Amino acid sequence: MMPAIAIVLRRTRPWRLAIPLLFLLAACQPTLAENFEAPETVEVPGGPFIAGSDSAQRETGYRLDEAAYGHSVTRQNGWYDRERPQGAETLLAFAITKTTITNKQYAVFLADTGHRAPDVSVDTWKSYGLIHPYERTRRHAWSAGEPPSGRSEHPVVLISHDDARAYAKWLSRKTGKPWRLPSELEWEKAVRGVDGRIFPWGDQFDPARLNSHDSGPFDTQPVGSFPEGQSPYGLLDGAGQVFEWTSSPGNPGRFLVKGGSWDDKGCGVCRAAARHARPADLKHILIGFRVLHDL
């Protein structure tokens, strides 16, 4: 039996069907929201691990910075002196996204919710007092709700702490699992494992294992571009690439960020124990996020 649509085509002039068929085909195309897939995760078992840093590890950070930059600004300002003192901590098991959330993954969230796209105005950017010029933000900014061309697999940046939390809340609704931002301790265990190592791969800095300004392009790169820099649990980009929001508060109105970024050299700040606080409403080209849920 001839399909009904074929009968219609035989009895109707093709040009009269052109526009209706285009609408029909468009309606059959899956939307971003319909293409949803939960982010890939790695499992971090419960139990004790060594968190924070001792004086020797902080000294390693300062010396890496001095060798890379030729000055002692981080030492003079005591950047690493405020790290958590090294000691044993115990956590329950959880699953954390293998990489930071990408522009492609964030686009599905935007399409499904109408949440604001990653961007920042020139006046707001200038109010931050950062060293990066506003023009540098343009390669990371979205246009008409679409991510920058060629960057779908790059980490999403220019998002505030509330933006990251909104994504986690949406992902919880989509999957039925309680997604959230990691605490500093959860992030740290996922990145360094249980033995107190300095970097995800061990105690020696290796610029070939991460996206930093030591040998990188001074820009974000597709997530997972450095598999040799993975953590003991298989987590990727735990050092370099972009800093990551955590749920742990710093000073009032601020939250801790971890991991270092593509514009850092050294890379003392890329150590797993390194930490500093950023304003919750900051939308930075150096900060992204990943999320987790309990097991």
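Each remark here, short or long, concerns the structure printed above.
Each chain carries its own residue numbering, running from 1 in the written order of its sequence. The predicted origin of the model limits local features to residues at a pLDDT of at least 70 and limits the giving and counting of side-chain atom pairs to 80 or more, whereas totals for whole chains, interfaces and linings rest on all residues. Heavy atoms from the whole structure form the basis of all side-chain values; hydrogens and water molecules are not counted.

## Quick notes on the overall build of the protein chain
Point 1. Scanning the protein chain from N- to C-terminus turns up eight helices and nine strands.
Point 2. Residue contacts follow a heavy-atom distance rule, with two residues in contact if any of their heavy atoms lie within 4.5 Å. The long-range fraction of contacts in the protein chain, counting pairs at least 24 apart against all pairs at least 6 apart in sequence, stands at 74%.
Point 3. Working definition of accessibility: Shrake-Rupley area with a 1.4 Å probe, residue cover restricted to the visible protein chains. When the accessible area of the protein chain is evaluated, it comes to approximately 14,200 Å², of which 53% is carbon and sulfur surface. Segments assigned H or I by DSSP are reported as helices when at least four residues long, segments assigned E as strands when at least two residues long, and all are numbered from the N terminus.

## Observations regarding the sheet that holds strand β8 (residues 287-288)
Point 1. A pair of strands counts as paired when DSSP detects no fewer than two bridges linking them. Strands sit in the order β7-β6-β5-β8 across an open sheet of four strands; the sheet is mixed. The strands lining the two open edges of the sheet, one partner per strand, are β7 (276-279) and β8.
Point 2. Note: strand β6 (residues 254-258) against β7, four bridges, orientation antiparallel. Bridging from a neighbouring strand, R254 pairs with P279 of β7.
Point 3. Simply put, an axis is a line fit to the C-alpha atoms, just over the touching stretch for a helix, and the angle between two N-to-C directions goes from 0 to 180 degrees. Each of β5 (243-249) and β6 is contacted by helix α8 (residues 184-192), which is oriented at about 5 degrees to β6, the strand it contacts most.

## Things to note about the state of the cysteines
Point 1. Put simply, a disulfide is two cysteine sulfurs that come within 2.5 Å. Across all of its chains, the model carries one disulfide by this definition.
Point 2. With a sulfur-sulfur separation of 1.8 Å, C267 is cross-linked through a disulfide to C270. Of the two residues, C267 and C270, both sit in the buried class. The buried label applies to any residue whose accessible area, calculated with a 1.4 Å probe on protein chains only, is under 20% of its type's maximum; exposed applies above 50%, and partly exposed to all values in between.

## Concerning the packing of helix α5 (residues 103-113) against helix α7 (residues 161-175)
Point 1. At a minimum axis separation of 11 Å, α5 and α7 run at an interaxial angle of 75 degrees. By the criterion of interaxial angle, the relationship of α5 to α7 is roughly perpendicular. Contact residues: Q105, Y106, V108, F109, D112 and T113 in α5; D163, A166, Y167, W170, R173 and K174 in α7.
Point 2. The classification used treats Ala, Val, Leu, Ile, Met, Phe, Trp, Tyr, Cys and Pro as nonpolar, Asp, Glu, Lys and Arg as charged, and all other residues, Gly among them, as polar. Grouping the constituent residues of the contact of α5 with α7 by class yields six nonpolar, two polar and four charged. Any angle that falls under 35 degrees is termed roughly parallel, while one over 145 is termed roughly antiparallel, one within 65 to 115 roughly perpendicular, and all others oblique.

## Some remarks on α7
Every α-helical turn comprises 3.6 residues, leaving residues that sit three or four positions apart pointing alike.
Point 1. Helix span, expected: 1.5 Å multiplied by one less than the number of residues in the helix. Taking 1.5 Å of rise per residue, 15 residues should cover 21 Å, and α7 covers 21 Å from first to last C-alpha, within 8% of that figure.
Point 2. Where α7 is buried, its residues contact α5, β5 and β6.
Point 3. Looking one or two residues past α7, G176 carries a phi angle of roughly 80 degrees, positive in sign.

## Observations regarding the sheet that holds strand β1 (residues 41-44)
Point 1. The strand order across the open sheet built from three strands is β1-β4-β9, with neighbouring strands paired in antiparallel fashion. Of all the strands in the sheet, the pair left with one neighbour each is β1 and β9 (292-294). For this sheet, the mean angle separating the axes of adjacent strands, direction not counted, is 20 degrees.
Point 2. In this structure, β1 lies alongside strand β4 (residues 94-97), joined through four bridges in antiparallel fashion. Looking at the pairing, V42 lines up with I96 of β4.
Point 3. The strands touched by α8 within the sheet are β1, β4 and β9, with β4 carrying the most contacts at an inclination of about 75 degrees.

## Side note on α8
Point 1. Within α8, nine of the nine residues are buried, which leaves it mostly tucked inside the rest of the structure.
Point 2. When α8 is considered as a whole, its buried residues turn out to be E184, L185, E186, W187, E188, K189, A190, V191 and R192.
Point 3. Two residues or fewer after α8 comes G193, characterised by a positive phi angle close to 80 degrees.

## Comments concerning unusual backbone geometry
Apart from glycine, the bulk of residues carry a negative phi angle, and the bulk of peptide bonds sit in the trans form.
Point 1. Residue C267 is bonded to the preceding G266 through a cis peptide linkage, with omega at 20 degrees.
Point 2. Positive phi values are uncommon outside glycine, yet D237 reaches one of about 60 degrees.
Point 3. Inspection of the secondary structure puts D237 in the loop between α8 and β5.

## Side note on the nonpolar core
Point 1. Formed by 45 residues in total, the largest nonpolar core has its most connected members in Y106, Y167, W245, F289 and V291.
Point 2. Elements represented by at least two residues in this core include exactly α3 (55-69), α5, α7 and β5.
Point 3. In terms of nonpolar packing, the next biggest core, distinct from the first, is built from 14 residues, F49, A51, W187 and L292 among them. We define the nonpolar core as a collection of buried residues of types Ala, Val, Leu, Ile, Met, Phe, Trp, Tyr and Cys that are connected through side-chain atoms lying within 4.5 Å of one another.

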